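Spelled out, the chains give:
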Amino acid sequence: GQQVMQIPQYQHVQEGEDFTTYCNSSTTLSNIQWYKQRPGGHPVFLIQLVKSGEVKKQKRLTFQFGEAKKNSSLHITATQTTDVGTYFCAGGSNYKLTFGKGTLLTVNP
Amino acid sequence: KAGVTQTPRYLIKTRGQQVTLSCSPISGHRSVSWYQQTPGQGLQFLFEYFSETQRNKGNFPGRFSGRQFSNSRSEMNVSTLELGDSALYLCASSLGWESTYEQYFGPGTRLTVT
């Protein structure tokens, strides 16, 4: 079945440093979604990418969808303490959304 | 618009018992998905319901079951609880069951099996 791998599993940064998490699928995806889960909270939708090579930005967050639609990345520029949480990617294929295991980001102020 | 609600929020059960969790989706949402979340395992998909029909199912044993009612509310049941079933159970609702629909998660039910 479809598998979505996400790396790294954990990332600790100093406030102001950049952060990137990567998502790789074993199969070609129709779309990819990104979610953020704050500590003690529930996942919240951030963005969706559907086109090959698509790049979207939300303030300091940049999302990319690979040309082959099998990988994606989330890059945060100049992290802040408010960025703390677990970031999940979710790959869509054949009416099914498969979540990666997430990357836990901690930020040292 | 009210968000996704889940009841109960916390539950403590004994091994061998059964449990039923409830999820009320956002008004107008007809798809409900259930996930199990444990540390280090991310979000593991249990099943998805749309219009009272199970559309997708994850790789969980038959002890895990669910259903959806005509008002889109959903329940999941776990029978013969095991210690490993301790987890946060999240439900998510969306407008449709295609993967391009945004998922709105509820706060979850924290299940502890002793």
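Just above, that's the structure.
Residues numbered from 1 in each chain as written. Chains lettered and ligands numbered in written order. Predicted model: local features only at pLDDT ≥ 70, side-chain atom pairs only at ≥ 80, totals over all residues. Heavy atoms only, no water.

S.K.: What should I look at first to understand the overall build of chain A in this one?
M.R.: Helix and strand counts for chain A stand at zero helices and 11 strands. For chain A, the N- to C-terminal ordering of α and β elements is β-β-β-β-β-β-β-β-β-β-β. By the compact-globule yardstick of 13 Å for 109 residues, chain A fits well, its C-alpha radius of gyration being 13 Å. Along the first, second and third principal axes, the C-alpha atoms of chain A reach 40 × 25 × 20 Å. With 109 residues in all, chain A has 47% of them scored as buried. In the form shown here, chain A has an accessible surface area of approximately 5300 Å², with 51% of it arising from carbon and sulfur atoms. Chain A carries 11 positive and 6 negative side-chain charges, and their two centres are separated by 11 Å. (Helix = DSSP H or I, 4+ residues; strand = E, 2+ residues; numbered from the N terminus. Rg over C-alpha atoms; globule rule 2.2 N^0.38 Å. Buried < 20%, exposed > 50% of the residue type's maximum accessible area, 1.4 Å probe, protein only. Areas by Shrake-Rupley, 256 points an atom, 1.4 Å probe, with all protein chains shown as cover. Lys, Arg positive; Asp, Glu negative; His and termini not counted. Charge placed at Lys NZ, Arg CZ, Asp CG, Glu CD.)

S.K.: Honestly, the pairing of strand E8 (residues 71-76) of chain A in this entry has me stumped. Any pointers?
M.R.: A regular strand carries its side chains on alternate faces of the sheet. All names here are of chain A. Pairing geometry for strand E3 (residues 19-25) and E8, over six bridges, is antiparallel. When the bridges of E8 are listed, Phe19 appears paired with Ile76. Here five bridges tie strand E7 (residues 61-65) to E8, and the two strands are oriented antiparallel to one another. Each residue of the ladder has a partner; that of Thr62, found in E8, is His75. In this structure, the hairpin formed by E7 and E8 is closed by a connection of five residues, where Lys69 is found at a positive phi of approximately 55 degrees. (Pairing = 2+ DSSP bridges.)

S.K.: Sorry if this is basic, but what is going on with the nonpolar core here?
M.R.: A general trend in soluble globular proteins is that nonpolar side chains are found buried together. Ranked by internal contacts, the top residues of the largest apolar core, which has 21 residues, are Trp34, Leu46, Phe64, Met76 and Tyr89 of chain B. At the level of secondary structure, the elements contributing two or more residues to this core comprise strand E3 (19-24), strand E4 (31-38), strand E5 (42-50), strand E8 (74-78), strand E9 (87-94) and strand E11 (109-113) of chain B. Those residues within four positions of Tyr89 of chain B in sequence are excluded, and the remaining contacts are Gln6, Leu21, Tyr35, Gln36, Leu46, Phe64, Met76, Gly108, Thr109 and Leu111 of chain B. Residues Val4, Ile32, Ile47 and Tyr87 of chain A belong to the second largest nonpolar core, which totals 19 residues. (Core = buried A, V, L, I, M, F, W, Y, C linked by side-chain atoms within 4.5 Å. Contact = heavy atoms within 4.5 Å.)

S.K.: Can you help me understand the sheet that holds strand E1 (residues 5-7) of chain B in this one?
M.R.: Neighbouring strands of a sheet are bound in pairs by backbone hydrogen bonds; such pairs are parallel or else antiparallel. All names here are of chain B. A sheet is described by the order of its strands in space; here four strands give the open sequence E1-E3-E8-E7, paired in antiparallel fashion. Of all strands in the sheet, those with a lone pairing partner are E1 and strand E7 (64-68), marking the two edges. When the angles between neighbouring strand axes are averaged without regard to direction, this sheet yields 20 degrees. The sheet contact formed by E1 and E3 spans three bridges and is antiparallel. Its bridge partner lying in E3, Gln6 is registered against Cys23. (Axes fitted to C-alpha atoms, helices over the stretch in contact; angles between N-to-C directions.)

S.K.: How do you make sense of the interface of chain A and chain B when you look at a structure like this?
M.R.: Quite often, the size of an interface is put as the accessible area lost when its parts meet. Counting residues at the interface gives 19 residues for chain A, matched by 22 residues for chain B. Around 1700 Å² of area is buried between chain A and chain B when both sides are counted, 57% of it from carbon and sulfur atoms. It is Tyr95, Phe99 and Lys101 of chain A that lose the most area in chain A upon contact with chain B, and together they represent 34% of the buried surface on that side. Between the two partners, chain A and chain B, sit zero salt bridges. Along the contact surface separating chain A from chain B lie seven residue pairs in polar contact (both at pLDDT 80 or more). Mapped onto the side of chain A that touches chain B, the elements with two or more residues apiece are strand E4 (31-37), strand E5 (44-49), strand E9 (85-93) and strand E10 (96-99) of chain A. Broken down by element, the residue count for the side of chain A that touches chain B peaks at four residues, all from E4 of chain A. Each residue belonging to the side of chain A that touches chain B can be placed in one class, and the counts come to seven nonpolar, 10 polar and two charged. (Buried area = accessible area lost by both parts, 1.4 Å probe. Salt bridge = Lys/Arg side-chain N within 4 Å of Asp/Glu carboxyl O. Polar contact = N/O pair within 3.5 Å; in protein donor to acceptor, adjacent residues only side chain to side chain. Nonpolar A, V, L, I, M, F, W, Y, C, P; charged D, E, K, R; others polar.)

S.K.: It is not clear to me how unusual backbone geometry should be interpreted in this structure. Could you clarify?
M.R.: Only a minority of non-glycine residues have a phi that is not negative, and only a minority of peptide bonds are not trans. Here the amide bond leading from Ile7 of chain A into Pro8 of chain A is cis, since omega sits at -5 degrees, within 30 degrees of zero. Within the secondary structure layout, Pro8 of chain A lies in the loop between strand E1 (4-7) and strand E2 (10-14). Of the consecutive residues Thr7 of chain B and Pro8 of chain B, the connecting peptide bond is found in the cis state with omega at -10 degrees. Its location among the elements puts Pro8 of chain B in the loop between E1 and strand E2 (10-13). One non-glycine residue with positive phi stands out, namely Asn94 of chain A, at about 50 degrees. Considering the arrangement of structural elements, one finds Asn94 of chain A in the loop between E9 and E10.

These values are about where atoms sit, not about what they do.
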